[in-house]
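These are the residues of each chain, in order.
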Amino acid sequence: MEGFQPKHWYELSKEERADALKYLMYLKEKRDGRIKGRGCADGRKQRAYIPKAEASSPTATLSGIMLTCMIDAFEKRDVATVDIPAAFVQTKMPKEDRDVHVVLDGRMAELLAKISPDDYQTYVHQHRGQSQIYCKLNVALYGTLKGAVLFWKKLSSYLKEQGFIINSYDWCVANKNINGKQCTIVWHVDDLKISHVDSKVVDGIISALKDEFGKVADLTVKRGKIHDYLGMTLDFSSENSVMIDMEKYIDEILADLPDDMDGTAVTPAAEYLFRTRDDVAKLDDEKAALFHRVTAQLLFASQRARPDLRTAVSFLTKRVKSPDEDDYKKLVRAIKYVRRTKFLRLKIEANRLDMNHWFIDGAFAVHADMKSHTGAYMTFGKGMVNGMSAAQKINTTSSTEAEVVAVHDNMPAILWTRYFMEAQGYPLKPTVIHQDNQSAMLLETNGIGSSSKRTRHMNIRYFFVADVQERKQITLEYCPTDEMIGDFFTKPLGGAKFRRFRNIIMNIEHDEYGPVDIDDLMAIHHKKMTEQIEMKDSNADAKDSDDKSTQPMASQECVGNRTDGRVPATAPTRTYAEVVTQSSKHTTGAT
């Protein structure tokens with residue numbers, strides 16, 4: 001073990017012994033059934049002398065991962081995922097840094113001395129009746145505060161030496177032009193995703209990585225159309241699309257829940273989701289811990305494969321500090337919906353790589369503190385690539401102001417997407433932002449011309465959005481309220497509208513009711529947008545666009561093909577394979 005340099009206890013000063021990090025060993029069963037052991041250090045003591053800025057390591061952004069997967073699918077690239085073994089152990093500690101020591105005690109010290117007695121036996125000493133071995137770290141062990149950033153520097157430096165260029169807006173995305181086509185490597189610590197249209201190029205990249213990082217152990221390489229990557233299953237089997245699946249992860253959530261969370265529900269939240277009461281009993285510590293854990297798990301899934309959970313999760317995450325019985329019931333409702341729809345997965349499919357659309361909405365004063373809620377949905381064609389469901393941080397005085405704040409809240413993501421795609425070599429045409437409030441659109445367009453009676457904090461938002469529009473980075477387009485997909489993320493919807501928007505957002509081909517003709521669903525959506533816009537333009541006396549209460553509910557025909565009738569809320573849960581099989585039978589029968 002070249003990474004460990006054993007030391008006699010008396011060779012270390014009293015301060016060095018006190019600062020020594022405890023060595024820990026964890027065992028974990030991987031999703032493929034393999035057992036993985038990981039030794040790491042408890043690096044908490046290092047926080048006293050290592051500034052946070054020096055210990056912070058870049059990791060691939062979730063948006064960057066989704067966008068590169070979308071590009072991989074659109075360009076029909078060959079994709080491989082690679083896990084670098086013992087990545088930190090292959091990274092040397094800088095000589096100029098302060099020495100880092102670890103202490104192995106108890107059974108760990110005895111096992112190490114037994115496995116390699118010539119190297120470690122003489123360094124074993126007894127402390128309070130327990131065996132101990134002190135070691136100086138020569139490598140960046142997992143758990144040390146600077147371990148991740150040191151490996152990032154090693155890997156990024158290696159890629160630069162190989163001719164790759166790091167994306168300025170995501171330091172864990174690198175590109176290189178090989179044989180006239182782009183090769184992209186995305187990495188999160190030691191998990192890499194490699195793509196190129198030519199599989200032989202991918203083979204060459206993997207071979208070079210083996211030569212550099214496969215000396216300790218073989219790289220774990222996965223080829224083909226389906227990959228387990230960062231808790232998600234990425235499925236490139238369908239042409240021009242990538243499917244994000246987390247059914248296994250959801251099964252793990254559902255397997256460890258109390259009996260009072262049994263059952264199913266047709267939506268993740270009821271209409272009273274945002275309502276709170278002061279006289280409701282708080283959860284006890286055990287139940288509050290369960291609430292916190294399950295909410296965090298749902299948050300992880302909702303940010304990846306299950307955006308249909310975001311509205312419910314956006315509220316639940318605000319309640320984890322002091323949850324009450326009402327909050328618990330709302331969590332139970334979300335879990336029941338997840339159980340019923342665990343087979344659903346997000347499918348991202350780009351129509352083109354130079355144009356994206358944002359549907360942004362704001363629900364006025366829906367929270368107990370009278371703050372509004374922002375909802376946003378971004379797509380390059382079909383399926384959600386990015387978006388938001390979050391309470392606004394400031395109070396507004398009208399629905400128009402709430403809509404402006406909603407656009408401003410999403411502006412960092414809108415601009416980042418443009419800059420990231422341009423750095424990848426795909427410059428975007430002006431981003432189309434769809435809104436259903438024409439008064440807000442007027443303010444965002446005019447800026448100074450509409451701001452005379454507004455407060456300073458609102459003026460800043462008007463001017464910023466107007467400036468971005470003037471620079472041709474965005475363009476605003478009116479969207480009728482009934483077709484405003486962003487509304488899905490501003491409040492809990494129900495019935496036909498919930499299912500219609502959910503199926504569009506997730507690009508679903510099979511849901512709990514049967515097969516869904518997503519192309520027909522999208523065609524109806526665009527047709528209704530066009531018809532209502534033309535109707536509004538032709539009627540000069542039409543009501544103000546933010547009067548949402550008078551807008552008609554979307555018709556049932558927009559929900560999709562219901563071939564097997566409505567399934568009751570207590571219907572048994574099914575896997576994705578079972579749903580597809582059942583849908584195929586219906587299709588065959590109809591033929």
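Regarding the environment of Arg306
- In this structure, Arg306 sits in the loop between α9 (285-302) and α10 (310-316).
- A relative accessible area of 1% places Arg306 in the buried class.
- Measuring from C-alpha to C-alpha, the distance between Arg306 and Met384 comes to 9.9 Å, with 78 residues separating the pair along the chain.
- If near-sequence neighbours (up to four positions away) are discounted, Arg306 is found in contact with Ile250, Ala301, Tyr337, Thr341, Lys342, Leu344 and Met506.
- One polar contact links Arg306 to Thr341, side chain to side chain, over a distance of 2.8 Å.

Some thoughts on the sheet that holds strand β17 (residues 357-363)
- Pairing is mixed across the open sheet formed by 5 strands, whose spatial order is β20-β18-β17-β21-β22. The sheet terminates laterally at β20 (386-391) and β22 (474-478), the two strands that pair on one side only. Going from strand to strand, the sheet's axes swing by 20° on average, the running direction of each strand aside.
- Sitting on the sheet, helix α12 (residues 399-423) touches β17, β18 (373-379), β20, β21 (431-435) and β22, and the angle it makes with β17 is about 150°.

A few points about the pattern of salt bridges
- In total, this model carries 32 salt bridges according to the counting rule given.
- With its nearest N and O atoms 2.8 Å apart, the salt bridge here joins Arg277 to Asp326. With Arg277 in the loop between α8 (247-254) and α9 and Asp326 in helix α11 (residues 325-340), the pair connects residues that are 49 residues apart, well separated along the chain.
- Overall, Arg277 belongs to the partly exposed group, its relative accessible area being 46%.
- Here the residues in one salt-bridge network are Arg340, Arg499, Arg502, Asp511 and Glu512, joined through shared partners.

Some words on the sheet that holds strand β9 (residues 170-178)
- Pairing is antiparallel across the open sheet formed by 6 strands, whose spatial order is β8-β9-β10-β11-β4-β12. Here the strands that pair on one side only, and so sit at the sheet edges, are β8 (165-167) and β12 (220-222). Strand-to-strand twist of the sheet, defined as the mean angle between neighbouring strand axes without regard to direction, takes the value 25°.
- Of the strand pairs in this sheet, β9 and strand β10 (residues 181-188) are connected by 6 bridges, and their pairing is antiparallel. Looking at β10, one finds that Val173 is bridged to Val186.

A word on the packing of aromatic side chains
- In this structure the tally under the stated criterion is 15 aromatic pairs.
- With a centroid separation of 5.5 Å and an interplanar angle of 85°, the aromatic rings of Tyr158 and Phe213 are classed as edge-to-face. Of the two residues, Tyr158 is situated in helix α6 (residues 147-161) and Phe213 in helix α7 (residues 199-213); the sequence distance between them amounts to 55 residues. Of the two residues, Tyr158 and Phe213, both sit in the buried class.
- Aromatic side chains Phe488 and Phe498 sit 5.3 Å apart centroid to centroid with 25° between the ring planes, which places their arrangement in the stacked category. Taken together, the residues span a long stretch of sequence, with Phe488 in the loop between β22 and α15 (495-506) and Phe498 in helix α15 at a distance of 10 residues. One exposure class covers both Phe488 and Phe498, and it is buried.
- Within the aromatic cluster, the residues linked to one another by ring pairs are Phe88, Tyr142, Phe151, Tyr158 and Phe213.

Here's the deal with helix α3 (residues 62-74)
- Between its terminal C-alpha atoms α3 stretches 18 Å, which fits the 18 Å expected from 13 residues at 1.5 Å a residue.
- Most of α3 sits out of view: 11 of its 13 residues are buried.
- When α3 is considered as a whole, its buried residues turn out to be Ser63, Gly64, Ile65, Met66, Leu67, Thr68, Cys69, Met70, Ile71, Asp72 and Ala73.
- Phi turns positive one or two residues past the end of α3, at Lys76, with a value near 55°.

Some words on the pairing of strand β14 (residues 232-235)
- Alignment of strand β13 (residues 226-229) against β14, held across 4 bridges, turns out to be antiparallel. By the bridge assignment for β14, Tyr229 is matched with Met232.
- Count of turn residues in the β14/strand β15 (residues 241-245) antiparallel hairpin: 5 residues, of which Asn240 carries a positive phi of about 70°.

Comments concerning the confidence of the model for the protein chain
- With 87% of its residues at a pLDDT of 70 or more, the protein chain has an overall mean of 89.
- Low pLDDT, under 50, characterises residues 544-571; the stretch is placed with 64 contacts to residues that sit more than four places away or in other chains.
- The model gives residues 586-591 a pLDDT under 50, and that stretch makes 2 contacts with residues more than four places away or in other chains.

Quick look at the nonpolar core
- By size, the foremost hydrophobic cluster in this structure holds 144 residues, and its most contacted members are Met70 and Trp187.
- Ranked by residue count, the leading element in this core is α12, at 8 residues.
- Residue contacts for Trp187: discarding those within four places in its chain leaves Ala60, Trp152, Leu155, Ser156, Leu159, Ile166, Trp171, Cys172, Val173, Ala174, Leu192 and Tyr229.
- Listed in part, the 6 residues of the second largest apolar core include Val404, Val405, Ala440 and Leu443.

Brief notes about the environment of Leu415
- Secondary-structure assignment places Leu415 in helix α12.
- For Leu415, a relative accessible area of 10% translates into the label buried.
- Once the C-alpha coordinates of Leu415 and Val468 are considered, the two residues, 53 residues apart in sequence, prove to be 9.1 Å apart.
- Apart from residues lying up to four places away in sequence, Leu415 is in contact with Phe464, Val468 and Gln473.

Things to note about the packing of α3 against α12
- Interaxial distance between α3 and α12 falls to 11 Å at its minimum, and their mutual angle equals 50°. As judged from the angle between their axes, α3 and α12 are oblique. Regarding α3 and α12, the two cross each other, and that crossing is right-handed. Of α12, the residues touching α3 (which contributes Ser63, Gly64, Leu67, Thr68, Met70 and Ile71) are Trp416, Thr417, Phe420 and Met421.
- The class makeup of the residues in the contact of α3 with α12 is 6 nonpolar, 4 polar and no charged.

Criteria and thresholds
Residues numbered from 1 in each chain as written. Predicted model: local features only at pLDDT ≥ 70, side-chain atom pairs only at ≥ 80, totals over all residues. Heavy atoms only, no water. Helix = DSSP H or I, 4+ residues; strand = E, 2+ residues; numbered from the N terminus. Buried < 20%, exposed > 50% of the residue type's maximum accessible area, 1.4 Å probe, protein only. Contact = heavy atoms within 4.5 Å. Polar contact = N/O pair within 3.5 Å; in protein donor to acceptor, adjacent residues only side chain to side chain. Pairing = 2+ DSSP bridges. Axes fitted to C-alpha atoms, helices over the stretch in contact; angles between N-to-C directions. Salt bridge = Lys/Arg side-chain N within 4 Å of Asp/Glu carboxyl O. Phe/Tyr/Trp six-rings, centres within 6.5 Å; stacked < 30°, edge-to-face > 60°. Expected span 1.5 Å × (residues − 1). pLDDT = per-residue confidence, 0-100. Core = buried A, V, L, I, M, F, W, Y, C linked by side-chain atoms within 4.5 Å. Parallel < 35°, antiparallel > 145°, perpendicular 65-115°, else oblique. Left-handed = near helix turned anticlockwise from the far one by under 90°. Nonpolar A, V, L, I, M, F, W, Y, C, P; charged D, E, K, R; others polar.

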